[in-house]
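Summary of the model geometry
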Amino acid sequence: MIHNHRQVYRVIKDALLEGSDKKLLASVEMVRKEGFGWRYDGLGDWSTDAIFDQLKAFGIDTGHDRFEQQARAAGRTLVLEEQWRKGVVIDDKTPWDDFPFLACEELWKRLTPHLLCPEIVASRIESVIGRPAADIDDYRNATDGRDHMEAASVLVNYLETFNPDKREAAFEEVLNCSTYNFGEWLIDIALDFGRNNLRMVRRIAEVMSETVFAECLWADLAQTLVQADQFDEAVEQVRINKARWPHSVWIQIQSGDVHRDLGNFDQAMQLYTKALKSARSPYDWEGVAERVRPLLSRQGRHEEWDRLEQAHPKPADPSIIPYGDAVPGPSPGEFQPGGVGRIGVLTSDPSPRLLIDPGMQSLGAKVGRNESCPCGSGKKYKKCCMDAK
């Protein structure tokens, strides 16, 4: 659920980049003509003095000499903005109501970028993954990944300020500042750019070791080591991963991938067969099948797959919740704190509140190629089970 300005603006900016919402585009163009284009374009072309002057016009007590002290005391932009607004009245029916929010983040990035907080970390990552692209699949061909790794380094630097058992919550705070899945992004860059950034990939996995993304990141490290021709290290990483997650189907699958890529056919088949025996969902089973079928086919061992499929048939689809037992989402225009539902405009004022659960997928809905795979591997659908359908 969207609960802050950052997520609202992320949704709007993404819609503008997509350019398909003609009504929104027309509305934004009208606002720009009225001189309030900064609401959507940001304050990047405003001078620092001009920003402070506008804040002072609202009665907000800040300036060059006090901003860093205020930022340190607040700890994050969201808190500092709230402190600025105490005792200050800004007409929330005008575009100016959004100015303190935008000003706070812009000044923080300019004057105190070393003071990392969830909003600033999220903004740094968004500056990389929020860029427009004709085809998202082509971005690997357009960059060597340096900017992605630099953004990941900002995230890791921030998380390292917390004890390992607190990093899950700290990462969640960063996620709550955006509508992007930063965990999925970390997994992608490990596979896409890890070969030339092994140290950074390992550092990401170590810092994220106590989070829900740990399994995927450590598995991807093993595959990255293969890509970098670090074969002995890759096999050792596989051993470590299997010891930590002995019952994980996807650790078995991805460990099999490492041995397959190393040409260790027998070891790969042992791991794939173990994963097939352990598969409890059709997604897990298909994850194995899409690897084993071509592997055996290339060796002319078609009958072996038939025997495996007969011995370990594909599990049935999970039971579908009866319609009458389903928990209803909010009605259009209804605000339910903590609830889930589709994007919906909850107010018609210039600062609309939106309700969204970016990761929510309805039962039976088509999975987008760039969405998280429903098998639970943590990878994008296009890089996991899509070809098995």
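Only a predicted model underlies this, so the values are computations on that prediction, with no experimental measurement involved.

A few words now on the environment of Ala-190. In this fold, Ala-190 is placed in helix H12 (residues 182–193). In this structure the C-alpha to C-alpha distance between Ala-190 and Val-201, which are 11 residues apart in sequence, comes to 5.8 Å.

Once that is clear, we can look at the packing of helix H8 (residues 118–129) against helix H10 (residues 146–159). At a minimum axis separation of 9 Å, H8 and H10 run at an interaxial angle of 165 degrees. With respect to H10, the axis of H8 lies roughly antiparallel. Seen along the crossing, H8 lies across H10 with a hand that is left-handed. Contact residues: Pro-118, Val-121, Arg-124, Ile-125, Val-128 and Ile-129 in H8; Asp-147, His-148, Glu-150, Ala-151, Val-154, Leu-155 and Tyr-158 in H10. Of the residues in the contact of H8 with H10, the class split is 9 nonpolar, 1 polar and 3 charged.

A positive phi angle, near 65 degrees, is found at Asp-229, a position not held by glycine. Within the secondary structure, Asp-229 is located in the loop between helix H14 (214–227) and helix H15 (231–244).

Evaluated as defined, the whole model comprises 21 salt bridges. Glu-160 is paired through a salt bridge with Arg-203; the nearest N and O atoms lie 2.8 Å apart. Taken together, the positions of Glu-160 in the loop between H10 and helix H11 (167–175) and Arg-203 in helix H13 (residues 198–207) put the pair 43 residues apart, joining distant regions of the chain. On the accessibility criterion, Arg-203 (23% relative accessible area) is partly exposed. For Arg-239, the salt bridge is made with Glu-236, and the minimal N-O distance between the two is 2.6 Å. In this pair, Arg-239 and Glu-236 are both assigned in helix H15, 3 residues apart and thus about one turn of the helix distant. The class for Glu-236 is partly exposed, based on a relative accessible area of 35%. Salt bridges linked by common partners bring Asp-257, Arg-260, Asp-261, Glu-290 and Arg-291 together as one network.

This brings us to helix H6 (residues 77–85). The α-helix winds at 3.6 residues per turn, so residues separated by three or four positions along the chain end up facing the same way. Among all positions of H6, only Thr-77, Leu-80, Glu-81 and Trp-84 are buried. All buried residues of H6 fall inside an arc of 100 degrees around its axis, so they share one side. Turning to H6, the residues buried within the fold contact helix H4 (48–57), helix H5 (67–74), helix H7 (99–111) and H8. Once H6 finishes, Gly-87 follows within two positions and takes phi at roughly 80 degrees, a positive value.

Let's shift gears to the state of the cysteines. Summed over the entire model, instances satisfying the criterion amount to 0 disulfides. With no disulfide partner, Cys-104 has as its closest neighbouring cysteine sulfur the one in Cys-117, 8.2 Å distant.

Along H4, the residues that are buried comprise Thr-48, Ile-51, Phe-52, Gln-54 and Leu-55. Across the axial projection of H4, the buried residues extend over an arc of 160 degrees, all falling on one side. Looking at the buried positions of H4, the neighbouring elements they touch are H5, H6 and H7. Positive backbone phi, approximately 95 degrees, marks Gly-59, located one or two places after H4.

What counts and what doesn't
- Residues numbered from 1 in each chain as written.
- Predicted model: local features only at pLDDT ≥ 70, side-chain atom pairs only at ≥ 80, totals over all residues.
- Heavy atoms only, no water.
- Helix = DSSP H or I, 4+ residues; strand = E, 2+ residues; numbered from the N terminus.
- Axes fitted to C-alpha atoms, helices over the stretch in contact; angles between N-to-C directions.
- Parallel < 35°, antiparallel > 145°, perpendicular 65-115°, else oblique.
- Left-handed = near helix turned anticlockwise from the far one by under 90°.
- Contact = heavy atoms within 4.5 Å.
- Nonpolar A, V, L, I, M, F, W, Y, C, P; charged D, E, K, R; others polar.
- Salt bridge = Lys/Arg side-chain N within 4 Å of Asp/Glu carboxyl O.
- Buried < 20%, exposed > 50% of the residue type's maximum accessible area, 1.4 Å probe, protein only.
- Arc of directions from axis to C-beta.
- Disulfide = S-S within 2.5 Å.

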